[in-house]
Amino acid sequence: MTIYLDNNATTALAPEVREAILPHLFGEFANPSSPHGPGMAARRAVGEARAQIAALIGAKPADLVMTGGATEATHTAILGALRTLEETEHTRSHIVTTAVEHPATLALFEDLRQQGWRVTILPVDADGVPSLAALGAVVTERTALVSMMWANNETGVLMPVAGASAIAHAHGALFHTDAVQAAGRVPVDCGIADYLTLSAHKMHGPKGIGALYVRKGAPFRPLIHGHQERRRRGGTENVPGIVGFGAAASLADLWMDENGLTVFLRDRLESGVLARWPGARVNGAGAARLPNTTNIRFSDAKGRPVDAEELLIRLDRAGIAVSMGAACSSGGNEPSHVLTAMGLTGAEAAASLRFSLSRYTTAAEVDAVLSELPALHARLVTA
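Keep in mind the model is a prediction, meaning the values are calculated, not measured.

What follows covers a nonpolar patch on the surface. Together, L22, L25 and F26 give the surface a local cluster of nonpolar side chains, amounting to about 300 Å² of exposed area. Residue placement: L22 occurs in the loop between helix 1 (15-21) and helix 2 (37-57).

Below, the structure is given as structure tokens:
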């Protein structure tokens, strides 16, 4: 059986979520826009799930727009806000994000730059944290929007989103945060944001369903037109996905109190790796991090980087699943943009692995991973 430590890429569907979804795949299959009894039952199920998701972040159900995933939610928020502002506030032509955002967000900002928007990419320090002072120095009355993730998907580092939001709002700019990795792992309060992105499959929910929080009164324009979602996102609602998202959000809210156990296992894994692999270092160790995530750089005793891809392959052969970074950017030859932004060389970034735990990870699994390391160290470093 595989020991799965790649939960920042995706999580296993919780049994409770599967049970919530199954009726809506078979017997209760009606379209929630239909006026008959089965349709109204589907509509009620969607409404109940929307309330469950909203409760996780302290929002009102009406503030949520259900989407096909987090990437769509982020694009909807940013493009909708900017297109509205282009029509109402012609002087705001500047947008800001950080160097360690999700690849899809950075790709969107690059596309906006090519369309004529002035884009500032904030650097980060050695732990992967952007400076609020640097943000304050670049945000002006011409800034339209600031986008900063709540927690980094590769390192687990928590970002200063409350301070960033305050700076943006002080200058009349809007604030968006990608809370995909944070929601369900640490407390997330939508009150700091104008727009906030969520995804079900990072919290033991189904893939292909996301949500966008939109503050009441915030500029908004649909990316996909239609009558659904209060005319904010067209297309027949993914009822099984939304119901599964709601169940996952409710479970995540309950499980939040168990994060102490996850931190214990993460720290057990980290200390065990460092003890068994001389020269290993934790990327982002000096910053506050998610309770489930550690990103470790593997070197020999002289500090020379080890080929983490080879280490990943050997771990996979041993039945241990980890990753080298964001799943959506894997397969390329470029080093992690997150780690290089933190000051690592390309070789050091390529020597790093991400271990991300879930509520289902056990101490026995962590110990099994640690038991493999001495032999792998001997093959890759001392051989």
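Still to come is the rest of the account.
Next up on the list: the pattern of salt bridges. Scanning the model with the defined rule gives twelve salt bridges in all. Residue R354 pairs with D6 through a salt bridge whose shortest N-O separation is 3.0 Å. Here the residue R354 occupies a position in strand 12 (residues 352-356), and D6 occupies one in the loop between strand 1 (3-4) and helix 1, the gap between them amounting to 348 residues. You can call R354 buried: its relative accessible area is 1%. The partner of D194 in a salt bridge is R215, and the shortest N-O contact between them spans 2.6 Å. Note that D194 is positioned in the loop between strand 6 (174-178) and strand 7 (195-199) and R215 in the loop between strand 8 (210-214) and helix 7 (228-231), a separation of 21 residues in sequence. Residue class for D194 comes out buried when judged on its relative accessible area of 2%. The exposure class of R215 is partly exposed, given its relative accessible area of 31%.

A word on the packing of aromatic side chains. This model, assessed by the stated rule, comprises three aromatic pairs. Here W277 and F298 contribute two aromatic rings whose centre-to-centre distance is 5.0 Å and whose plane-to-plane angle is 80°, an arrangement assigned as edge-to-face. Of this pair, W277 sits in the loop between helix 9 (259-276) and strand 9 (281-283) while F298 is found in the loop between strand 10 (293-297) and helix 10 (308-317), placing the two residues 21 residues apart along the sequence. Overall, W277 belongs to the buried group, its relative accessible area being 0%. Under the relative-accessibility criterion, F298 is labelled buried at 0%. Seen in terms of ring centroids, F298 and F355 are 6.5 Å apart; in terms of plane orientation they differ by 55°. Their pairing is tilted. Taken together, the residues F298 in the loop between strand 10 and helix 10 and F355 in strand 12 connect sequence positions 57 residues apart. These aromatic residues form a ring-pair network of at least three members: W277, F298 and F355.

About the cut-offs
Residues numbered from 1 in each chain as written. Predicted model: local features only at pLDDT ≥ 70, side-chain atom pairs only at ≥ 80, totals over all residues. Heavy atoms only, no water. Patch = residues over 30% accessible without salt bridge, like charges linked within 9 Å, V, L, I, M, F, W, Y side chains within 5 Å. Areas by Shrake-Rupley, 256 points an atom, 1.4 Å probe, with all protein chains shown as cover. Salt bridge = Lys/Arg side-chain N within 4 Å of Asp/Glu carboxyl O. Helix = DSSP H or I, 4+ residues; strand = E, 2+ residues; numbered from the N terminus. Buried < 20%, exposed > 50% of the residue type's maximum accessible area, 1.4 Å probe, protein only. Phe/Tyr/Trp six-rings, centres within 6.5 Å; stacked < 30°, edge-to-face > 60°.

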